[in-house]
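In case you want the letters, here they are:
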Amino acid sequence: TDWVASDAYNERLSANRARAVRQYLVDHGIAPERITAVGYGESRPRDTNETSQGRQRNRRVELLWKLPVQLDLLPACVEPTARPDGREAEPDVRRQAWVGDVLFPVASITILEPGRRRLDALIAETNSLEGFVLVVEGHADEAGDSESN
């Protein structure tokens, strides 16, 4: 979401995007108690909001897997890499893996086809794992208004 629209609008939009991804996962077989969804609005940009490409990268939902297992046991769809924003794991989490992003069109909570493919791969490989929690974090860009977010 963007900085011209209000903080409240951006936070609401990012939360709605996170809920849309959460619902997609639930609708495709991931137990709802294993998924948390939160919206951060424009407070955690990954890229500059001075360019359209940067704003696109900021209009995202990040998927973060919190796991009680070793990273070498992860399914192939999970990249056991550090988060792009460099944030550290929470102290009470033994393992975490950044799964990736789902990007959104301007002013929309519609999951685009590349995001659906990523989510489908995640769903196919996670249902057999025990003890994971998937955190769905919604983010927004900070340039534009409710018409261009």
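If you're wondering where the values come from, they're calculated on a predicted model, not measured in any experiment.

Look at helix α1 (residues 7-27): 30 Å from first C-alpha to last across 21 residues, which is about the 30 Å you get at 1.5 Å a residue. All of the buried residues in α1 are Y9, N10, L13, S14, A15, R17, A18, A20, V21, Y24 and L25. At the C-terminal side of α1, G29 shows a positive phi close to 110°.

A few words now on the pattern of salt bridges. Counted by the stated rule, this structure contains five salt bridges. R60 is the partner of E62 in a salt bridge, and the nearest nitrogen-oxygen pair spans 3.0 Å. Taking relative accessible area as the criterion, E62 reaches 1% and is therefore assigned buried. You can call R60 buried: its relative accessible area is 1%. What you see here is one network of salt bridges that share partners, running through R46, R60, E62 and D101.

Time to look at the packing of aromatic side chains. Summed over all chains, the structure comprises zero aromatic pairs. Geometry around Y40 places R44 over its ring, the cationic atom sitting 3.8 Å from the centre.

Counting buried positions along strand β4 (residues 133-138) gives five out of six residues, so the element sits mostly inside the fold. Both strand β1 (residues 35-39) and β4 contribute to a ladder of five bridges, which runs parallel. Counterpart to G39 in the pairing with β4 is G138.

We now examine the packing of α1 against helix α3 (residues 113-126). The geometry of α1 relative to α3 is characterised by a closest axis approach of 10 Å and an angle of 45° between their N-to-C directions. Viewed along their axes, α1 and α3 adopt a mutual orientation that is oblique. Here the hand of the crossing between α1 and α3 comes out right-handed. Of α3, the residues touching α1 (which contributes V21, Y24 and L25) are R116, L119, D120, L122 and I123. Grouping the amino acids of the contact of α1 with α3 by side-chain chemistry returns six nonpolar, no polar and two charged.

Cut-offs and rules
- Residues numbered from 1 in each chain as written.
- Predicted model: local features only at pLDDT ≥ 70, side-chain atom pairs only at ≥ 80, totals over all residues.
- Heavy atoms only, no water.
- Helix = DSSP H or I, 4+ residues; strand = E, 2+ residues; numbered from the N terminus.
- Expected span 1.5 Å × (residues − 1).
- Buried < 20%, exposed > 50% of the residue type's maximum accessible area, 1.4 Å probe, protein only.
- Salt bridge = Lys/Arg side-chain N within 4 Å of Asp/Glu carboxyl O.
- Phe/Tyr/Trp six-rings, centres within 6.5 Å; stacked < 30°, edge-to-face > 60°.
- Lys NZ or Arg CZ within 6 Å of the ring centre and 35° of its normal.
- Pairing = 2+ DSSP bridges.
- Axes fitted to C-alpha atoms, helices over the stretch in contact; angles between N-to-C directions.
- Parallel < 35°, antiparallel > 145°, perpendicular 65-115°, else oblique.
- Left-handed = near helix turned anticlockwise from the far one by under 90°.
- Contact = heavy atoms within 4.5 Å.
- Nonpolar A, V, L, I, M, F, W, Y, C, P; charged D, E, K, R; others polar.

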